[in-house]
Amino acid sequence: MHSYKRLLVLLSPYKNALFLGAFCLVIASLTNLAVPLYIKKLVDVVMVEKNMALMNNLTLSIAGLFLIQLIFSTAHNYLFDLTEKRAITDFRIKLFKHLHTLSLSFFVKRRTGEIVSRMTNDITTIENIVTDLPATLLQQSIRLFGGIIIITYMNWKLTGLILVLAPVLVVFARTFGRRLKKLSTEIQDKLAVSTTILEENISCIQVVKSFVREHLENQRFGDALEDSYQSAKKRVIISSFFGPSIGFIAFSTSLILLWYGGREVILGAISPGELIAFILYATIIAGPMGSFARLYARVQEGMGASKRVFEILDMEGEVRDTSDAKPIPELSGKVEFDNVRFHYREDQEIIKGIHFTVEPGQTVALVGPSGAGKSTLVQLLHRFYDPISGEIRVDGIPLKTVQLASYWKQIGIVPQETILFGGTILQNIEYAKPGVLKEELIVAAKAANAHNFIMECPDGYETVVGEKGIRLSAGQRQRIAIARAILKNPHILILDEATSALDNESELLIQDALERLMQGRTSFIIAHRLSTIHTADRIIVLDKGMLVESGTHNQLMQKKGLYHKLYTLKSLQMVEETENIVN
Ligand SMILES: Nc1ncnc2c1ncn2[C@@H]1O[C@H](COP(=O)(O)OP(=O)(O)O)[C@@H](O)[C@H]1O
Ligand SMILES: [Mg+2]
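Residues numbered from 1 in each chain as written. Chains lettered and ligands numbered in written order. Predicted model: local features only at pLDDT ≥ 70, side-chain atom pairs only at ≥ 80, totals over all residues. Heavy atoms only, no water.

Peer 1: Would you take a moment to explain the pairing of strand β2 (residues 348-358) for this structure?
Peer 2: The side chains of a regular strand alternate, residue by residue, between the two faces of the sheet. Both strand β1 (residues 335-345) and β2 contribute to a ladder of eight bridges, which runs antiparallel. Residue pairing for β2: V340 is matched across the bridge by I354. If you look at the hairpin formed by β1 and β2, you'll find two residues sitting between the two strands. (Pairing = 2+ DSSP bridges. Helix = DSSP H or I, 4+ residues; strand = E, 2+ residues; numbered from the N terminus.)

As structure tokens, this is what we get:
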């Protein structure tokens, strides 16, 4: 219930609309309750009094009641549904905004699918109960209790009979309804398995063909479908008798009511009109009983969903501005790591006390075996994470005391692989500096060696990339990322294996662009091909989270330590690679 209260807070800005809606709902429900009373009178007038004028009046009154019901139900539906849509739209926007306050750690710990599902499916589930719950409760309570009060007043014996019979119908419908719903979900899930197989087969069609595995795949798909057929069969068995049985029980119940009521009429205890009214009230009362049960199931679902959504909303970014954080002034780019320690999980220290200083404008190469902690180190420098202990300072200012946004404006990162947003090439480059003059953007693209290939695209800079547009090669995407970084013009630059996913030709083009990009900035490069590291001012060698060596290429080669070993190993590898290309 606690999370439901929080959901109600979402509705609070729209209190007035909701109160008006609730008012209309009450009027419509009361009108609905009044109709059988008029019908009772009508029947008695026709059958007992045989009064034509009164009959006409009563018919008109009933028509009037229907009209009132029409108007107020419409108003209530409109007000409630619209408020619900508005509140949920606000909520979705709020959640999306909140996502951006969360730290990188939140995103790397979870699968994309899970986050997306919370943002979409769970909210849709919430949407289904947020205003429905109070509306249904109100409406059905009026019908149930109002109905019972009226008929008890008319004849308590018949009322007792209705109160015994109606739940039988409801329990029967609920029991089988639930079973049917469970089977439907089961069928959906099993069909989803076959859909996955279908998708896999389409995307891996080359593999299937080349390994001549059609037979196996047919078998897999067939098994999955057979499985869902078995569930479907169970569902058919239940559903074929379910509908008719409900009908049978409903008619039998009415028949019992009619028989008993008929006796009362013959004995003169009630009028024929009263009997008709009773039967009408019986259906009015049975309605809420069924819908309370359904509502309960939906509320359970909705509560589960809102718990998951509020869990995200209650999270705070681990890396965030402290209350006294200050904007960082324009940087010259001095970087100090002071005994920095870091772990992702308590039991596994990844950075084990690292200490170094880099002067403004220097190029630093980070070298080390894979898993040594190179990427982690630069992510700490970018302040995607905060160190567990120790301090990172830029221009002597501890990173923890600065406003994130002011720092992030001055640091740039080109990752190993670039994923572009849907949209045009221009929009993707402009992301670094919205509203930039096209001339400036082209200068950046030229410096990134991207201009030529962009001009060859069908619509030049306006070419749409991604799913609905052209597919760019990894090298082309990297060059767009570099153009973006050039446009951002950061004082500190990080290149995390920016060229390692590329073939030799693209690498040459990118290497050239990168060298231009690094000029005049403090740069950290993690490169997988060591030839690119020769020219660095300083090489820092990491191993198992520790700084094991540092110096220039020549110094480290003389030392004959880890760098020497890695270098000779990689050089040999490169000779082989070159030979392969030549051959
Ligand atoms: N998000 C993460 N959560 C937990 N462990 C991680 C995460 N990212 C990296 N690691 C671990 O940290 C260690 C260093 O990783 P990384 O910094 O990527 O190394 P490198 O870039 O030198 O190859 C590895 O053992 C890796 O498994
Ligand atoms: Mg790495």
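Peer 1: Is there a simple way to explain the domain arrangement of the chain in this structure?
Peer 2: With domains assigned, the chain is organised as domain 1 (1-154 + 306-317), domain 2 (156-269) and domain 3 (335-418 + 493-582). A straight line from the C-alpha centre of domain 1 to that of domain 3 covers 58 Å. (Domains from an automatic or database assignment.)

Peer 1: Looking at this structure, I do not really get the environment of I202. What am I missing?
Peer 2: By the secondary structure assignment, I202 is in helix α8 (residues 156-203). The class of I202 is exposed, set by a relative accessible area of 60%. Each C-alpha atom, one on I202 and one on H564, is 47 Å from the other, the two residues being 362 residues apart in sequence. (Buried < 20%, exposed > 50% of the residue type's maximum accessible area, 1.4 Å probe, protein only.)

Peer 1: How should I be thinking about the packing of helix α10 (residues 214-266) against helix α11 (residues 272-314) in this particular structure?
Peer 2: How two helices sit against one another is set out by the angle between their axes and by the gap between those axes. At a minimum axis separation of 9 Å, α10 and α11 run at an interaxial angle of 155 degrees. Relative to α11, α10 is oriented roughly antiparallel. Seen from above, α10 lies across α11 with right-handed handedness. Of the residues in α11, those in contact with L257, L258, G261, G262 and V265 of α10 are P272, L275, I279 and A282. In terms of residue class, the contact of α10 with α11 is made up of seven nonpolar, two polar and no charged. (Axes fitted to C-alpha atoms, helices over the stretch in contact; angles between N-to-C directions. Parallel < 35°, antiparallel > 145°, perpendicular 65-115°, else oblique. Left-handed = near helix turned anticlockwise from the far one by under 90°. Contact = heavy atoms within 4.5 Å. Nonpolar A, V, L, I, M, F, W, Y, C, P; charged D, E, K, R; others polar.)

Peer 1: Which parts of the structure should I look at to understand the pattern of salt bridges?
Peer 2: Think of it this way: side chains of opposite charge can pair up when their charged atoms draw near. As enumerated under the stated definition, the model contains 25 salt bridges in all. R341 is the partner of E349 in a salt bridge, and the nearest nitrogen-oxygen pair spans 3.2 Å. For R341, a relative accessible area of 32% corresponds to the partly exposed category. Salt bridges here are not isolated pairs; linked through shared partners, they connect E84, K85, R92 and E127. (Salt bridge = Lys/Arg side-chain N within 4 Å of Asp/Glu carboxyl O.)

Peer 1: Even after reading the chapter, I still don't get the packing of aromatic side chains, so can you show me in this structure?
Peer 2: Two measures describe an aromatic ring pair: the distance that separates the ring centres and the angle between the ring planes. A complete count under the given rule lists 14 aromatic pairs for this structure. Look at F337 and F356: their rings are 4.7 Å apart centre to centre, the planes differ by 15 degrees, and that puts the pair in the stacked class. Separated by 19 residues along the polypeptide, F337 in strand β1 and F356 in strand β2 bring together distant segments of the chain. A residue is classified by how much of its surface remains accessible, and F356, at 3% relative accessible area, is buried. Following the ring pairs from residue to residue traces out a cluster consisting of F172, F176, F241 and F242. Its guanidinium or amino end placed over the ring of F310, R6 lies 4.1 Å from that ring's centre, counting from NZ or CZ. Note that K41 overlies the ring of Y38, its terminal NZ or CZ placed 5.5 Å from the centroid. (Phe/Tyr/Trp six-rings, centres within 6.5 Å; stacked < 30°, edge-to-face > 60°. Lys NZ or Arg CZ within 6 Å of the ring centre and 35° of its normal.)

Peer 1: Help me understand helix α12 (residues 374-381) in this model?
Peer 2: Within α12, six of the eight residues are buried, which leaves it mostly tucked inside the rest of the structure. Within the sequence span of α12, burial applies to K374, T376, L377, V378, L380 and L381. Remark: R383 follows α12 within two positions and exhibits a positive phi of approximately 60 degrees.

Peer 1: Would you mind going over the sheet that holds strand β5 (residues 397-398) with me for this structure?
Peer 2: Taking strand neighbours across the sheet as the criterion, the four strands line up as β2-β1-β4-β5 in an open arrangement whose pairing is antiparallel. With one partner strand each, in any of the chains shown, β2 and β5 form the two edges of the open sheet. Across five bridges, the pairing between β1 and strand β4 (residues 389-394) is antiparallel. By the bridge assignment, R341 is partnered in β4 with S389. Against the sheet, α12 touches β1, β2 and β4, its axis set at about 115 degrees to β1.

Peer 1: What is the right way to read unusual backbone geometry from this model?
Peer 2: Among all residues save glycine, negative phi is the norm, and among peptide bonds the norm is trans. Although it is not a glycine, K50 adopts a positive phi angle of roughly 50 degrees. Position of K50 relative to the elements: it lies in the loop between α2 (15-49) and α3 (52-99). Judged by its relative accessible area of 63%, K50 is exposed. Non-glycine residue N449 carries a positive phi angle of around 55 degrees. Note on placement: N449 falls in the loop between α15 (438-447) and α16 (451-456).

Peer 1: It is not clear to me how the site of ligand 1 should be interpreted in this structure. Could you clarify?
Peer 2: Around ligand 1, the neighbouring residues are V108, Y344, I350, P369, S370, G371, A372, G373, K374, S375 and T376. K374 is positioned with one of its backbone polar atoms (N or O) 2.8 Å from an oxygen atom of ligand 1. In terms of residue count, the dominant contributor to the shell around ligand 1 is α12 (three residues). Considered class by class, the residues forming the shell around ligand 1 number five nonpolar, five polar and one charged. (Near = heavy atom within 4 Å. Polar contact = N/O pair within 3.5 Å; in protein donor to acceptor, adjacent residues only side chain to side chain.)

Peer 1: Looking at this structure, how should I read the environment of A483?
Peer 2: In this structure, A483 sits in helix α17 (residues 474-488). Apart from residues no more than four positions distant in its own chain, A483 is found in contact with I429, A444, A445 and A448.

Peer 1: Sorry if this is basic, but what is going on with the sheet that holds strand β6 (residues 411-414) here?
Peer 2: What links the strands of a sheet is backbone hydrogen bonding, and the strands pair in either a parallel or an antiparallel sense. Read from one edge of the open sheet, six strands run β6-β9-β10-β3-β11-β12, paired in mixed fashion. On the outer flanks of this sheet lie β6 and β12 (546-551), each paired with one strand and no other. Between one strand axis and the next, the sheet turns through 20 degrees on average, direction left out of account. In the sheet, strand β11 (residues 538-543) pairs with β12 via five bridges, with the strands oriented antiparallel. Directly across from D543, in β12, lies its bridge partner M546. Seen against the sheet, helix α18 (residues 504-518) touches β3 (363-367), β6, β9 (492-496) and β10 (522-526) and runs at an angle of roughly 155 degrees to β9.

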